[in-house]
Amino acid sequence: MSAAPPDNDVLWARGIVKSHHGTPALRGISIGVREGEVLAVTGPRGSGKSTLLGCLSALLPVDKGEVWFNSAPVHTLGRAGRERLRRDRFGFVGSEPHLVPELTARENVALPLLLAGAGNKAAYTAADEWLERLDVGEVARQRPERLVRSQCQRIAVARALAPLPPVVFADDPTAPLHREASDQVLRILTSAARSHQLTLVLATHDPELVRFADRAVALVDGRLTAPAAPVPRGTAAPGTASASAVSATRR
Amino acid sequence: MFYLRLARGYRVPDLGRWLLTTLAAAVVAAFLLRSLGRAMSDPLGGEDALERLLWCLPPLAAVAWFAAVTARAVPAQQPERITGLRAAGAGSGGVRTLIAGEVALACALGSVLTLLAFLVLRNDIAGPTLAPDLGMGVPLPAAAPVTLLALVPLTAGIAAACAVPLDETLPGGRTRAHGPTGFGAWRIALPVGLSVIGLALELIALRPGAAVDDRPIHLPAGLGTTSTAAFGGWAASALGLALLTGPLLSWTGRLLALGRPTPLRLLAGRGLTAQARRLGPPLAVLTLALAMVLTTIRYWIGTPDSADALPAIEACLVLGCAAAAVAVRLTEVRTDRRGVTDALLRLGTSPRLLFGAVALRTLAVGTTLLVTGGATAALAAAGLR
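Residues numbered from 1 in each chain as written. Chains lettered and ligands numbered in written order. Predicted model: local features only at pLDDT ≥ 70, side-chain atom pairs only at ≥ 80, totals over all residues. Heavy atoms only, no water.

A.B. asks: I'd love a proper account of helix α6 (residues 179-195) of chain A, names of residues and values included.
C.D. replies: Residues and elements named next belong to chain A. The terminal C-alpha atoms of α6 lie 24 Å apart, and with 17 residues this matches the ideal 24 Å at 1.5 Å per residue to within 8%. Every buried residue of α6 is accounted for by A181, S182, D183, Q184, V185, L186, I188, L189, T190, A192 and A193. Residues of α6 that are buried in the fold lie against β3 (38-42), α4 (120-133), α5 (149-161), β7 (167-171) and β8 (199-204). At the C-terminal side of α6, Q197 shows a positive phi close to 60 degrees. (Helix = DSSP H or I, 4+ residues; strand = E, 2+ residues; numbered from the N terminus. Expected span 1.5 Å × (residues − 1). Buried < 20%, exposed > 50% of the residue type's maximum accessible area, 1.4 Å probe, protein only. Contact = heavy atoms within 4.5 Å.)

A.B. asks: Tell me about the pattern of salt bridges, and please be specific about residues and values.
C.D. replies: For side chains of opposite charge, pairing can occur when their charged atoms come near one another. Residues and elements named next belong to chain A. Taken as a whole and assessed by the stated rule, the structure comprises 21 salt bridges over all chains. For R87, the salt bridge is made with D88, and the minimal N-O distance between the two is 3.2 Å. The closest approach of N and O atoms between D128 and R106, which form a salt bridge, is 3.0 Å. Of this pair, D128 sits in helix α4 while R106 sits in helix α3 (residues 105-115); the two residues are 22 residues apart in sequence, bridging distant segments of the chain. D128 sits in the partly exposed class, given a relative accessible area of 27%. On the accessibility criterion, R106 (14% relative accessible area) is buried. Linked through salt bridges whose partners overlap, the residues forming this network are R179, D183, D206, E208 and R211. (Salt bridge = Lys/Arg side-chain N within 4 Å of Asp/Glu carboxyl O.)

A.B. asks: Can you lay out the sheet that holds strand β10 (residues 223-224) of chain A for me, pointing to particular residues and giving the numbers?
C.D. replies: All names here are of chain A. In space, the six strands of this open sheet follow the order β6-β7-β8-β3-β9-β10, with mixed pairing throughout. Strands with a single pairing partner mark the edges of an open sheet, and in this sheet they are β6 (90-93) and β10. The sheet contact formed by strand β9 (residues 215-220) and β10 spans two bridges and is antiparallel. Across the sheet, V220 pairs through a bridge with R223, a residue of β10. Packing of helix α2 (residues 79-89) onto the sheet brings it into contact with β6 and β7, and relative to β6 it is tilted by some 80 degrees. (Pairing = 2+ DSSP bridges. Axes fitted to C-alpha atoms, helices over the stretch in contact; angles between N-to-C directions.)

A.B. asks: Can you lay out the interface of chain B and chain A for me, pointing to particular residues and giving the numbers?
C.D. replies: At the interface, 24 residues of chain B touch 21 residues of chain A. On the chain B side of the contact with chain A, B:R270, B:R346 and B:L347 bury the most area, a combined 30% of that side's loss. On the surface where chain B and chain A come into contact, there are two salt bridges. Among the ionic pairs, B:R337 bridges to A:E102, the shortest N-O distance being 2.7 Å. Where chain B packs against chain A, one counts five residue pairs in polar contact (both at pLDDT 80 or more). Secondary-structure elements contributing two or more residues to the side of chain B that touches chain A are α10 (263-302), α12 (338-346) and α13 (351-384) of chain B. Partitioning the side of chain B that touches chain A into residue classes produces twelve nonpolar, eight polar and four charged. (Buried area = accessible area lost by both parts, 1.4 Å probe. Polar contact = N/O pair within 3.5 Å; in protein donor to acceptor, adjacent residues only side chain to side chain. Nonpolar A, V, L, I, M, F, W, Y, C, P; charged D, E, K, R; others polar.)

All quantities given are derived from atomic positions and should not be read as evidence of function.
This is how it looks when you write it as structure tokens:
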């Protein structure tokens, strides 16, 4: 059906097309994410960064194209399979913290671990550790409604990192933060990724933040403008072909 | 008038809300007109007329309660519409007027329909059984029905206007609506005190050696008579238990998440604690109404010739409004928590776990309400004996 993905790519997509209620968001994107790298996806608002991260992180089903994770197809998975994949393999930080309001900070951070079946003690120990590391240890027993947004965002980062997932997706994680706090959060994200051999896919509208990444790709109107992954020559063609097909049908 | 054009975008839930409000208002208007008709037929009926009018208060209160709960739910259920209105320049006053006006209009419609039916029936159509209820043969003073019927839309409209959330918590405002989740000390002390005092009063009144007094209180709905202490005791404890429902739900949630909770217990328990403030009042009203109705039915079954049709209709109306209010509040909470549910699903929580949490929460709520409602009903039944 398709060529096997390159071995060193933990996440690999070919020719993905996705539209929201008829509005095209991705018009044929081929991208590979190498294991342990920090990949920045830049682009202005509405360029399809969030959709790309959603498709790669198995949150959104793709309309067309393929997504592979660790040489296993993601695009063919059903809803339950995608849920399991997200829970066990992926971490996600959005531009909004999206914490569960009735849970305390440490319960929020421990929740993914508990959901994955970790013991209570292990889950809360890990949660406390990560909260300390992100400078929000002193509010561990408070609920998010009493905290300011930058604290909530740090808790969200801790929640994504605590289970040490192989891949962490960060979709504009610094949007609610001031420059200083945003630098710190990104430093923690990237250093955690490097020290634990995690792969980090970071979407940002701020081109300056690319300095935290190993490699950057740029998205404009649902298309990659910078050469992204070392996608094999033979497989790049269908992606562009499907993109032009989409634009052709729209005209 | 411009606001009314928004009705063109209404879907089934909105229309259902309108229809329910109209129906309930029509029934209340029927009660009001009946008391008017009776007052006109009776030659100088003094206390009875007033009593009949007072009997219209529970259904009126039920309609106002339903209107208030639905008005509160509108911004949460249709955030896009409210955001759009505010973006177009409508202040919180405008939004409030719109929501209250809708409710008042629906109530006015129901009242007018009932008035029409009343006037048609007065034209010698109704048989002799209905004649005294309609005040047939007596000229109708025009101001009386208008005054009475204005009561329903006014009451419901004011209740709705008061219930619309404050400016900054409306969608499109700056802060999100996350009210406090706990209960203050007085909010717990007051209902506990009321319940204890009421229970003590009733126990004293019903103690085996108590003198059988002349049971001066005449209960409505064919429930016979009871003693002052028993009635006062029951009323105090019922009010206390109703006020205690919220804190009890909150504690039930804490109990669920006690110790080292699994994710299921954690989500169910903490969720219940967080929502206790919002779920408490409508559930308490429904429980109280249900307890009273069930006690009455039990009494009616046990005592021949005590059943009465009008209280039964009234009970249906009150129960319907209370149940609809609970349903509205539940959907409000659900839509309000859509973001949290999405976040949980994004974390990889299985829908089955979320469903299980809801089921567990429902079970816990049901148990709590069974306790408070059962206690209220038992106290009422004891007082009736």
